[in-house]
Amino acid sequence: MPRRIPAAELVIGDIVLLKGGDRIPADLRLIQTSGLKVESSSLTGEPDAFEMSVAHTHDEPHESKNLAFNTSQCTEGSAVCV
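About the cut-offs
- Residues numbered from 1 in each chain as written.
- Predicted model: local features only at pLDDT ≥ 70, side-chain atom pairs only at ≥ 80, totals over all residues.
- Heavy atoms only, no water.
- 1 Å grid on protein atoms, 1.4 Å probe; cavity = no way out; pocket = protein on both sides within 12 Å on 5 of 7 lines; lining within 4 Å.
- Points joined across faces, edges and corners; volume = space filled by probe spheres on them.
- Nonpolar A, V, L, I, M, F, W, Y, C, P; charged D, E, K, R; others polar.
- Pairing = 2+ DSSP bridges.
- Helix = DSSP H or I, 4+ residues; strand = E, 2+ residues; numbered from the N terminus.

A. Local environment of the layout of surface pockets. Empty space within the largest pocket amounts to approximately 600 Å³. Class assignment for the residues of the lining of the largest pocket results in 10 nonpolar, no polar and seven charged. As a volume, the second largest pocket reaches approximately 340 Å³. In this structure, the second largest pocket is lined by 14 residues; those nearest its centre are Ser 40, Thr 44, Phe 50, His 62 and Glu 63. Looking at the lining of the second largest pocket, its residues break down into seven nonpolar, four polar and three charged.

Structure, rendered in structure tokens:
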């Protein structure tokens, strides 16, 4: 059963559910997505939200579409992450 916990209590291996409007609480690997878009201007300076997926798309972690990083914002869609 899903439950809400503070981001500071997350540990490696926890399953995290994201939905539009959520701030990403930790660096996460996406394992399931549905129309997920993430805005990462706090890290990249890019103001636009990017569509994310479970596919490993780049060897550089910060360029791959299957990783979402702490302090980014989920602008729409949903995801299951670890």
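B. Up close: the pairing of strand S2 (residues 28–39). The pairing of S2 with strand S4 (residues 67–68) spans two bridges and is classified as antiparallel. Looking at S4, one finds that Arg 29 is bridged to Leu 67. Pairing between S2 and strand S5 (residues 73–81): seven bridges, direction antiparallel. Paired with Gln 32 across the strands is Val 80, a residue of S5. The pairing of S2 with strand S3 (residues 49–51) spans three bridges and is antiparallel. Bridge pairing links Lys 37 to Glu 51 in S3.

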